[in-house]
Amino acid sequence: MELVTSLKNKELDLSSNINIRICDNCGEPQGKEIVLLGKVHIVPIMCKCKREQSENDRIRSEVIDKQTRLQQVFNNSLMTKEFKELTFKNWNHSIGNEQMFKVGMVYVNNFKNMKKDNLGLLIHGEPGNGKTFLSGCIANELLNRLIPVVCVSSIGLIDRIKRNFSKWGDSGTEQILNCLDNAELVIIDDLGTENDTSWSRAIMYQMIDSRYRKGKPLIITTNLSMENLKRRYDKDCEEGKERTYNRLLEMCTLIQNSMGSIRIDKAKEKTEVLKKLLK
């Protein structure tokens, strides 16, 4: 009994003579004492700073892996070198719609809640009035915040699924839809420009419904009016049983960009410059 007490006292004495490093930032110890074979040893442990850094590195690695897989599958997406220039920083406030700018900023700054509530956007309006630019700004800002995003044209999406379907049938379609699960946000640009067939309509519904059921948000841009969108995508449905249109209304807030075509305005400006030069 006396020997055990002596050993315990010895261990306590040894422990009191060893200094454990304290983190200068969080104030937590970066080491821990353990007794092994009657001797006190210091083993390293992660303080709060290191734990947070390790978790951030893990999340970053997962995000990069997901984004890489998305890019490999959607190599014909809109996310080109030029696409990277579509940012809120590069927004031209002299010609861009200020309301659309605010909508985009609110969406990215509150994306955590948008994702939680499965809240997307359906942006419609005239061709060339900046809808693609806005969706690109949203995508790039979220990518900068390490949130996996895929932005693809409706033509590119249907084409990619069609190639997979021709090789592997329905399993090829499922592969693309499952890949989209890696994206926290999917942006489909120019909905309605793809071929209007019963197959493409069914695929588009399948993609939209998959996002809906998995609680993941979706942003759609389209030149179609809401009436034309409903007529196009639900022409195979009975009256009052519109599937695609109703799904979009459940998932997305309707945003009408009533601004005229920026492309046309720019073309007019260039025409005026040319006229002056000719004179």
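Residues numbered from 1 in each chain as written. Predicted model: local features only at pLDDT ≥ 70, side-chain atom pairs only at ≥ 80, totals over all residues. Heavy atoms only, no water.

Peer 1: Explain the packing of aromatic side chains to me, using residue names and the numbers behind them.
Peer 2: Given two aromatic rings, their pairing is described by the distance between the two centres and the angle made by the two planes. Going through the model one piece at a time under the given rule, you end up with six aromatic pairs. Ring centres of F88 and W91 lie 6.4 Å apart, and the angle between their planes is 25°; this geometry places the pair in the stacked category. With respect to burial, F88 and W91 carry one shared label: buried. A cation over an aromatic ring shows up here: R243 above the ring of Y205, its NZ or CZ 4.0 Å from the ring centre. (Phe/Tyr/Trp six-rings, centres within 6.5 Å; stacked < 30°, edge-to-face > 60°. Buried < 20%, exposed > 50% of the residue type's maximum accessible area, 1.4 Å probe, protein only. Lys NZ or Arg CZ within 6 Å of the ring centre and 35° of its normal.)

Peer 1: Describe the sheet that holds strand β4 (residues 149-153), listing the residues and the values that go with them.
Peer 2: Read from one edge to the other, the open sheet built from five strands follows the order β4-β5-β6-β3-β7, with strand pairing classed as parallel. The open sheet terminates on both sides in strands that have one partner only, identified here as β4 and β7 (252-257). Ignoring strand direction, the axes of neighbouring strands in this sheet form an average angle of 15°. Note that strand β3 (residues 120-125) and strand β6 (residues 218-222) share four bridges and pair parallel. By the bridge assignment, I123 is partnered in β6 with T221. Helix-sheet contacts for helix α3 (residues 98-109) involve β3, β5 (185-191), β6 and β7, and the interaxial angle to β3 is about 165°. (Pairing = 2+ DSSP bridges. Helix = DSSP H or I, 4+ residues; strand = E, 2+ residues; numbered from the N terminus. Axes fitted to C-alpha atoms, helices over the stretch in contact; angles between N-to-C directions. Contact = heavy atoms within 4.5 Å.)

Peer 1: Describe the pairing of β3, and please don't skip the residues or the numbers.
Peer 2: Burial of β3 is extensive: six of the six residues sit out of reach of the surface. Burial of β3 is two-sided: the residues G120, L122 and H124 facing one way and the residues L121, I123 and G125 facing the other way are all buried. Bridge count for β3 against β7 is six bridges, and the pairing is parallel. Paired with I123 across the bridge in β7 is I255.

Just distances and angles here, no functional claims.
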